[in-house]
Amino acid sequence: MNKLICNNIKSFITIIFFIFPTILLSNERIDLDYKYTTEDPLEFYSLSNHVSSLKTVILGGETYTIKRSPNEVFIDTYYDTKELDLYKNGESIRFRKRYIKSKISKKLVQYKVLSSQVDNAMVEYKLNLKKKDIIKNEDDLLVFLSKDDNKDKQLVRKFKNKYDFLTLEKSTVLFQNRDRFYLYNQEDVHMFTVTFDDVYFNNPPYSNPFWVIEFEINEKVMGSSNYESRNNLILLLTELVDKLKTNVQGMYEVKLSKYQTVIQMIKQDIKVDDNNNYWNIPILIFSLLVIIGMLFLSRKATY
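Residues numbered from 1 in each chain as written. Predicted model: local features only at pLDDT ≥ 70, side-chain atom pairs only at ≥ 80, totals over all residues. Heavy atoms only, no water.

## Some words on the overall build of the protein chain
- Counting its secondary structure elements, the protein chain contains 8 helices and 12 strands.
- Counting only residues that meet the buried cut, the protein chain has 40% of its 303 residues in that class.
- Across the protein chain, the fraction of contacts at a sequence separation of at least 24, relative to all contacts at a separation of at least 6, is 64%. (Helix = DSSP H or I, 4+ residues; strand = E, 2+ residues; numbered from the N terminus. Buried < 20%, exposed > 50% of the residue type's maximum accessible area, 1.4 Å probe, protein only. Contact = heavy atoms within 4.5 Å.)

Written out as structure tokens, the structure is:
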């Protein structure tokens, strides 16, 4: 009898500490990627062409098949509070329009927060919009998300734990031209993704693109994996990066997300402008004093 009780206790502990956490994690999309950039677009396109030429790649002794996705264009509208609270917290929320061959294929909202399970990773919550969800502008979206009909949606619940949709305003808009490559294992499961993004944003004077190369683990696979499996996935991802980045000399890693990168560029520009203004005021006053002095002296000389 005591042995039966002990076995039941062991089973209970196994469920609570091993199986149950895995079930919980399976509901989350854990976004872990390594982001790289280069100042030379020729290097960016050279690596993209190199990956496009590959049919397979060997990682950890296993052969992965590479499949290319159709070219995509994204228009991402990011929102934040007036004080940029999401940016400061390392989070973001965006309204994404996805186009393939100039036709819109999907509209969705994505909310990303820092993962408490995996270092340097994000948890992504998604809400796919249906055709009946009429979103004409950014204000329509915020009102739509605030409706009682959406209060039970996971993204809405997670976001409203910290913020209020109606306090948000449009922060920036990013335009991305994307080439994406999926890596499948021998069981034909999508495991990794390599993405090449030409990124533009609408805040003047930044009209030139910056280039981002992302190496990432499939979010669903990462979210449903246990600790040991995650570590193995990270090792394989690192091996993938090492294999491919040897083809590009000027490629270097970046830690910031695209949204953080753009906001920092905007904030830096504002800061420079402010400093310039501080210097311009005394220069302007000095110039006016010189002009007044010259006029006074010229009038005095005539007499």
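This is not the end of the story, as more comes after the structure.
## Some thoughts on the packing of aromatic side chains
- Inspection of every chain in the model, using the stated rule, returns 11 aromatic pairs.
- Taking the centre distance of 6.4 Å and the plane angle of 65° together, the rings of Phe 201 and Phe 210 count as edge-to-face.
- For Phe 201, a relative accessible area of 4% corresponds to the buried category.
- These aromatic residues form a ring-pair network of at least three members: Tyr 111, Tyr 125, Phe 159, Tyr 163 and Phe 165.
- Arg 96 extends its terminal NZ or CZ atom over the ring of Phe 74, reaching a point 4.0 Å from the ring centre. (Phe/Tyr/Trp six-rings, centres within 6.5 Å; stacked < 30°, edge-to-face > 60°. Lys NZ or Arg CZ within 6 Å of the ring centre and 35° of its normal.)

## Concerning the pattern of salt bridges
- Using the criterion set out here, one finds 14 salt bridges in the structure.
- For Asp 242, the salt bridge identified is with Lys 245, shortest N-O distance 3.9 Å. Placement of the pair is Asp 242 and Lys 245 together in helix α7 (residues 227-245), with a separation of 3 residues, close to one helical turn.
- Salt bridges linked by common partners bring Arg 178, Asp 197, Glu 214 and Lys 258 together as one network. (Salt bridge = Lys/Arg side-chain N within 4 Å of Asp/Glu carboxyl O.)

## Observations concerning the pairing of strand β9 (residues 169-184)
- Across the 16 residues of β9, 12 count as buried, placing the element largely inside the fold.
- Sheet topology note: the strand β4 (residues 62-68)/β9 ladder contains 4 bridges and is antiparallel. Across the sheet, residue Lys 67 finds its bridge partner in β9, namely Tyr 182.
- Of the strand pairs in this sheet, strand β5 (residues 72-80) and β9 are connected by 9 bridges, and their pairing is antiparallel. Across the sheet, residue Glu 72 finds its bridge partner in β9, namely Arg 178.
- Hairpin connection of β9 to strand β10 (residues 190-201): 5 residues between the antiparallel strands, including Asp 188 at a positive phi of 65°. (Pairing = 2+ DSSP bridges.)

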